[in-house]
Amino acid sequence: QVHVVESGGGLVQAGGSLRLSCAVSGRTFSSYTMGWFRQAPGNEREFVARISASGSTLYADSVKDRFTISRDNTLNTVYLQMNSLKPEDTAVYYCAGTTYYSRDYTQTGSYPFWGQGTQVTVSS
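Quick caveat: nothing in here was measured; it's all calculated off a predicted structure.

Colleague: What is the right way to look at the pattern of salt bridges in this model?
Modeller: Pairing between side chains of opposite charge can happen when the charged atoms of each approach one another. Using the criterion set out here, one finds 4 salt bridges in the structure. Residue Asp89 pairs with Arg38 through a salt bridge whose shortest N-O separation is 2.9 Å. Of this pair, Asp89 sits in the loop between β8 (77–82) and β9 (91–98) while Arg38 sits in strand β4 (residues 33–39), and the two are 51 residues apart along the sequence. Taken as a pair, Asp89 and Arg38 share a single burial class, namely buried. Residues joined by salt bridges that share partners form a network here, namely Arg38, Glu46, Arg66 and Asp89.

The following block contains the structure:
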């Protein structure tokens, strides 16, 4: 059983920054593909970013050049650095992971294990 725990959410003014952390159990973390998703009230959960085992990254257009996903395999942790935050970034942010190959890591169904989420609120 793989456990995923997010932290680092909070309230920030527009233009500010936050760094989310995602701690993952499991001895083979370095082989996992990890992703960040978010869900605003009334909306579906949407893809934000993903990082592969090799370190390659992919971002949603809405966060490109503002958010950075990274990983530290020595700490079994994935990060999401969020800069230039906007009110429309307000959502619950979820960390997810998989050991399986997928054709499309932007889909929630590609990830079998998830955290409980952390709230990010950006005030205008």
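Having seen it, we continue.
Colleague: Help me understand the sheet that holds strand β1 (residues 4–7) in this model?
Modeller: Within a sheet, adjacent strands bond to each other through the backbone by hydrogen bonds, running parallel or antiparallel. Overall, antiparallel pairing links the 4 strands, which are arranged β1-β3-β8-β7 in an open sheet. Either end of the sheet is taken by a strand with one partner, and the two such strands are β1 and β7 (67–72). Averaged over all adjacent pairs, the angle separating strand axes in this sheet is 15°, with direction ignored. As judged from the 6 bridges shared by strand β3 (residues 18–24) and β8, these two strands associate in the antiparallel manner. Within the sheet, the bridge partner assigned to Cys22 lies in β8 and is Val78.

Colleague: What am I meant to see in the packing of aromatic side chains here?
Modeller: How two aromatic rings sit relative to each other is given by the distance of their centres and the angle of their planes. The tally for this structure, following the rule as stated, stands at 8 aromatic pairs. When the ring of Tyr94 is compared with that of Trp114, the centres are 6.5 Å apart and the planes differ by 75°; the resulting orientation is edge-to-face. Placement of the pair is Tyr94 in strand β9 and Trp114 in strand β10 (residues 113–114), with a sequence separation of 20 residues. Looking at Tyr94, the relative accessible area reads 12%, which means it is buried. Judged by its relative accessible area of 23%, Trp114 falls in the partly exposed class. Ring pairing ties together the aromatic residues Phe37, Phe47, Tyr94, Tyr105, Tyr111 and Trp114, which thus form one cluster.

Colleague: Can you walk me through the environment of Val122 in this structure?
Modeller: Structurally, Val122 is set in strand β11 (residues 118–123). Taking C-alpha positions, Val122 is 8.3 Å from Gly16, a pair spaced 106 residues apart along the chain.

Colleague: In this structure, what is going on with the state of the cysteines? I would like to understand it.
Modeller: What we call a disulfide is simply a covalent bond connecting the sulfur atoms of a pair of cysteines. For the structure shown, the criterion picks out 1 disulfide. The disulfide partner of Cys22 is Cys95, and the gap between their sulfur atoms is 2.0 Å. Disulfide Cys22-Cys95: the torsion about the S-S bond is -80°, which places it as left-handed. You can see Cys22 sitting in strand β3 and its partner Cys95 sitting in strand β9, a full 73 residues away along the chain. For the pair shown, Cys22 and Cys95 are each scored as buried.

Rules of the game
- Residues numbered from 1 in each chain as written.
- Predicted model: local features only at pLDDT ≥ 70, side-chain atom pairs only at ≥ 80, totals over all residues.
- Heavy atoms only, no water.
- Salt bridge = Lys/Arg side-chain N within 4 Å of Asp/Glu carboxyl O.
- Helix = DSSP H or I, 4+ residues; strand = E, 2+ residues; numbered from the N terminus.
- Buried < 20%, exposed > 50% of the residue type's maximum accessible area, 1.4 Å probe, protein only.
- Pairing = 2+ DSSP bridges.
- Axes fitted to C-alpha atoms, helices over the stretch in contact; angles between N-to-C directions.
- Phe/Tyr/Trp six-rings, centres within 6.5 Å; stacked < 30°, edge-to-face > 60°.
- Disulfide = S-S within 2.5 Å.

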